Amino acid sequence: MKAVEILRPGPLCTVQDRGRPGHASIGVGRSGAADLRSHDAANRLVGNTVDAATLEATMGGVQVRMRGSVVVAVTGASGQITVNGIAGAMYNTLYLADGDELTVATPVSGLRSYIAARGGFDVAQFLGSRSTDTLSGLGPPPLAEGDVLEVGDEQSEWPATELAPPPDRTGHIEVSVNLGPRQDWFTSEAHRILASEVWTATSESNRVGVKLDGPTPLQRARTEELLSEGMVPGALQVPPSGKPVLFLADHPVTGGYPVIAVVRDADLPTIGQLRPGDSIRFRVH
């Protein structure tokens, strides 16, 4: 049996795949990897199917030990990884032997790292997914020291991708948004502020959403109550404070505050790597 033992889980380490879509009608969100681009890249590097589960480590600090020979890859947030104390390469295929220890340090940029093992991590499924949903508590609990995860058989044919280029995270982060569905609930000045000011991710951010702060709150043109309506990843919901919350993978399926805009799907992985203190601008379309 091949397995991976958790020696140190870091601040938060969970099992994630591509989520459990299609269950919003029964109050279950999609969940899944916050940065699907990095999750998919890790799976490609070890020759897995697209749905294989990886480990998502928030702010690094993870150390694992191989039980048996395991092919692994680490992607996502930029930082140092080591194998038995020797520096290794991210976005590369690593062939580890029984007893080898892999460490993912605290990243220097970005927030979430992804560890894939050839075959995926074989934990129990719930509604067709192995993802941990931190809002609802569905899926396996966050990993703890001493946990042992068996490696499964969700493999594709070799050769795997031997090198995947990491994303460029230099410079200022800008993402594209489409206005709506409740843009008419906000003043024209709020629309100008949304598109022109720099917003900052706060320390209250998590897998549910990124709470943003800025110099000027977004003012509403309508003050009546809004009936709860469906939410999607990337929804930019504005509570009474006027400081928006950008929903991520574990967002609630409904919400009662108006959504001024929604981040385009192609930019959602970038949002999943925002760490407290990072700044962001919105390109409004």
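These numbers come from a predicted model, not from an experiment. (Residues numbered from 1 in each chain as written. Predicted model: local features only at pLDDT ≥ 70, side-chain atom pairs only at ≥ 80, totals over all residues. Heavy atoms only, no water.)

> Help me understand helix 2 (residues 188-196) in this model?
An α-helix turns once per 3.6 residues; consequently, residues spaced three or four apart project the same way. Within helix 2 the residues assigned to the buried category are Ala190, Ile193 and Leu194. Down the axis of helix 2, the sector holding all buried residues measures 100°, keeping them to one side. (Buried < 20%, exposed > 50% of the residue type's maximum accessible area, 1.4 Å probe, protein only. Helix = DSSP H or I, 4+ residues; strand = E, 2+ residues; numbered from the N terminus. Arc of directions from axis to C-beta.)

> Is there a simple way to think about helix 1 (residues 36-45) in this case?
Here helix 1 lies mainly inside the structure; seven of its 10 residues are buried. By the burial criterion, the buried members of helix 1 are Ser38, His39, Asp40, Ala41, Ala42, Asn43 and Leu45. Capping of helix 1 at its N-terminal end is provided by Asp35; its side-chain oxygen lies 3.2 Å from the backbone amide nitrogen of Arg37. Looking at the residues trailing helix 1, positive phi occurs at Gly47, about 75°. (Polar contact = N/O pair within 3.5 Å; in protein donor to acceptor, adjacent residues only side chain to side chain.)

> Can you walk me through the pairing of strand 20 (residues 279-284) in this structure?
In the case of a regular strand, side chains alternate between the two sheet surfaces. As judged from the five bridges shared by strand 12 (residues 173-179) and strand 20, these two strands associate in the parallel manner. Across the sheet, the residue bridging to Val177 is Val284, located in strand 20. In this structure, strand 13 (residues 199-201) lies alongside strand 20, joined through two bridges in antiparallel fashion. Bridge pairing links Thr200 to Ser279 in strand 20. (Pairing = 2+ DSSP bridges.)

> Explain the nonpolar core here, please?
For soluble globular proteins, nonpolar side chains are generally found buried alongside one another. Counting 39 residues, the largest nonpolar core has Leu55, Met66, Val72 and Leu102 as its most contacted members. Among the elements that line this core, the one with the most residues is strand 5 (residues 70-78), at five residues. Leaving out residues up to four positions away in the same chain, Val72 has contacts with Val46, Met66, Asn92, Thr93, Leu94, Leu96, Leu102, Ala116 and Ala117. Formed by 26 residues, the second largest nonpolar core is a distinct cluster that contains Ile193, Leu268, Ile280 and Phe282. (Core = buried A, V, L, I, M, F, W, Y, C linked by side-chain atoms within 4.5 Å. Contact = heavy atoms within 4.5 Å.)

> In this structure, what is going on with the layout of surface pockets? I would like to understand it.
By rolling a water-sized probe across the atoms, one finds the places where empty space is left. Counted as a void, the second largest pocket has a volume near 280 Å³. If you go around the second largest pocket, you meet 13 residues; those closest to its centre are Arg30, Ala33, Leu36, Pro233 and Leu268. The residue makeup of the lining of the second largest pocket, split by class, is nine nonpolar, one polar and three charged. (1 Å grid on protein atoms, 1.4 Å probe; cavity = no way out; pocket = protein on both sides within 12 Å on 5 of 7 lines; lining within 4 Å. Points joined across faces, edges and corners; volume = space filled by probe spheres on them. Nonpolar A, V, L, I, M, F, W, Y, C, P; charged D, E, K, R; others polar.)

> What is the right way to read the sheet that holds strand 2 (residues 12-16) from this model?
Where strands meet in a sheet, backbone hydrogen bonds hold them as pairs that are either parallel or antiparallel. Pairing is antiparallel across the open sheet formed by five strands, whose spatial order is 2-3-10-5-8. Whereas interior strands pair on both sides, the edge strands pair on one side only; in this sheet they are strand 2 and strand 8 (94-96). Neighbour-to-neighbour, the strand axes of the sheet open up by a mean angle of 25°, direction not taken into account. Here strand 5 runs beside strand 8; their pairing, made up of three bridges, is antiparallel. Opposite Val72, over in strand 8, you have Leu94 as the bridge partner. Set on the sheet, helix 1 makes contact with strand 2, strand 3 (54-58), strand 5 and strand 10 (109-117); between it and strand 5 the angle comes to about 155°. (Axes fitted to C-alpha atoms, helices over the stretch in contact; angles between N-to-C directions.)

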